[in-house]
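Single-letter residue listing:
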Amino acid sequence: MSGPLHLGVALDGYGWDPQAWRATLAADPDTLSPLSGRYWAGLAATAERGLLDFLTIDDTLMPQPGRREEISPRRLAGRGDAALVAARIAPATRHIGLIPVATVTHTEPFHISKSIATLDYVSHGRAGWQPRVSSTAHEAALFGRRDGALDGLSDLFPEAADYVDVVRRLWDSWEDDAIIRDATTGRYVDIDKLHYIDFSGKFFSVKGPSITPRPPQGQPVVAVLAHQGPVYEFAATSADLVFITPSDETSLRGILDEVSAAGGARLKVYADVVVSFGGPGDPRSDALNFTGAATELVELLLQWQRLGIDGARLRPAVNATDLPVIVDEVVPLLQRAGRFRTAYQDGETLRTRLGLPVAPNRYATVRQ
C-alpha cells in the first residue's frame, strides 16, 4: 500500500507512561491538571498544528488507567468524561477529528447517541466514538445493576454490537432535512421525517427517535481497539476503523489476515504504537513500545504501510515531550517523503478525511 499515510494520536492523562505525571511535573510544576479544559485544549492545539487526522481521548470506569480495583497512590488518579472533554476541545480547534472513548457495558445507547451527535454538531462534523466494554465485577459494582457475573467475551461483544447498532439507528432516526424552521407556515419540523427505530434484541429494546437530529456526518466515525478474534469480528460488524497492536512485521501480517478473515476487509486499519523519544515508554503496553528516533519511527510506519495498514495511532508516553516530537519531527519527515498532507481542507468532515463513504439514512431509503 502506498500514498498518504493517515496519522492520529491517542491522549490520556499526562501520557501513556505510568510515571508520565512525575516526569511532567518535575519539568514544570505549574503544568495544568488533566481535569482542566485548558490543558486539553492545549494538547489539541499542538496535535492540530501537526495536521493530524484525529485525536482520541481515553476513558474507563476506573479513576486510573486499566481495570484494577486497587487504586495506587503512585499513579495519576482522576479523570473527566471523555465525551465532555471532546466537547470542550471542539470550539478551541477547527480541523482535527475528536474521538472520545465511551463505555457500552453499563450505560445506555440512547445517552451515547445524543452525546456523540451533539459533539458532531459542535465540532461541525469532526466527531467519532470509540466504544469500550467493561468486564470486571468491580466495574459492575459501580452501577449496582448487575451481579458482575458476566460471561466473558461471549456476552460482552454481542451486547456491544447491539449497542452500536442501536446508536447508529438513533443517528438515522431523523432525516437530514427533518428540520424546516419555516416561520411563515409555523412548521419547525416535518414529523414524517422522524422515525421510531423499534429495536428489540437480547440486550436492548429501544423505541426512538433520538432527541438530537441526525449528525452533520450522518454517521460519526466509530473506531474499535482490537487485540483478538472476537474483537476483530465486533470491529468488522460495527466499526469504520480498527486500531490493532502489532509488535513486528510478522505479527502485523498475522493480524491483518485475522481482521480480513473476521469480515473486516472494508475497515480502515491503524496500528497503535506507544512512542517515547527519550524514555522507557510503557513496556507493559498492549501496543508496540517504540523508543527510537523520529527517523526510525517513520521508517517503521512506512514499512508497515507497505504491508497493508492505512495509518497509525501514536500514543505519546509523555504528552509534554513526545507529542511535540510527533508534530515537529515525525510529521515533517512524512511530508518530505510525500506521505502526509501539508494543509487541512477547509470544511472537511472526519469521514471525508478518512476516505469513508457517505452514510445513507436507512429510514429515508425505506420511506422513499
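Residues numbered from 1 in each chain as written. Predicted model: local features only at pLDDT ≥ 70, side-chain atom pairs only at ≥ 80, totals over all residues. Heavy atoms only, no water.

## Structural notes on the overall build of the protein chain
Of the regular secondary structure elements, the protein chain holds 12 helices and 13 strands. Here the protein chain has a C-alpha radius of gyration of 21 Å; the compact-globule value for 368 residues is 21 Å, and the two agree. Seen through its C-alpha atoms, the protein chain measures out along the principal axes to roughly 65 × 50 × 45 Å. Counting only residues that meet the buried cut, the protein chain has 54% of its 368 residues in that class. Of the contacts formed within the protein chain by residues at least 6 apart in sequence, a portion of 73% connects residues at least 24 apart. When the accessible surface of the protein chain is summed, it comes to about 16100 Å², and 52% of that surface belongs to carbon and sulfur atoms. (Helix = DSSP H or I, 4+ residues; strand = E, 2+ residues; numbered from the N terminus. Rg over C-alpha atoms; globule rule 2.2 N^0.38 Å. Buried < 20%, exposed > 50% of the residue type's maximum accessible area, 1.4 Å probe, protein only. Contact = heavy atoms within 4.5 Å. Areas by Shrake-Rupley, 256 points an atom, 1.4 Å probe, with all protein chains shown as cover.)

## Some words on helix α10 (residues 319–336)
Here α10 spans 24 Å end to end across 18 residues, near enough to the 26 Å set by a 1.5 Å rise per residue. Roughly 35° is the biggest bend found in α10, and it falls at Ile 326. Each element contacted by the buried residues of α10 is listed here: β1 (6–11), α2 (37–49), β11 (268–275), α9 (294–307) and β13 (311–316). A positive phi of about 75° marks Gly 338, the residue just after α10. (Expected span 1.5 Å × (residues − 1). Bend = angle between axes of the 7 residues up to and from the residue.)

## Regarding empty space enclosed by the protein
Over the atoms, a rolling probe the size of a water molecule traces out where space has been left empty. Across all of its chains, the model carries two cavities of 30 Å³ or more by this definition. Estimated volume of the largest cavity: approximately 140 Å³. Contributing to the lining of the largest cavity are 15 residues, with Asp 12, Gly 13, Trp 40, Gly 78 and Arg 79 lying nearest its centre. Residues that form the lining of the largest cavity fall into these classes: nine nonpolar, three polar and three charged. Taken as a whole, the second largest cavity spans an internal volume of roughly 50 Å³. Lining the second largest cavity, in full, are Met 62, Pro 63, Gln 64, Pro 65, Arg 68, Glu 70, Ile 71 and Arg 75. Partitioned by chemical class, the residues of the lining of the second largest cavity number four nonpolar, one polar and three charged. (1 Å grid on protein atoms, 1.4 Å probe; cavity = no way out; pocket = protein on both sides within 12 Å on 5 of 7 lines; lining within 4 Å. Points joined across faces, edges and corners; volume = space filled by probe spheres on them. Nonpolar A, V, L, I, M, F, W, Y, C, P; charged D, E, K, R; others polar.)

## Here's the deal with the UniProt feature "binding site: FMN" (unreviewed entry) in the protein chain
Here the UniProt-annotated "binding site: FMN" (unreviewed entry) positions come out as Asp 59. Tracing the sequence through the fold places Asp 59 in the loop between β2 (54–57) and α3 (82–89). The exposure class of Asp 59 is buried, given its relative accessible area of 10%. If sequence neighbours within four positions are ignored, Asp 59 has contacts with Arg 79, Gly 80, Asp 81, Ala 82, Val 101 and Arg 132. In terms of polar contacts, Asp 59 uses its side chain to reach the backbone amide nitrogen of Ala 82, at 3.0 Å. (UniProt positions renumbered as here; feature names shortened; annotations may be inferred. Polar contact = N/O pair within 3.5 Å; in protein donor to acceptor, adjacent residues only side chain to side chain.)

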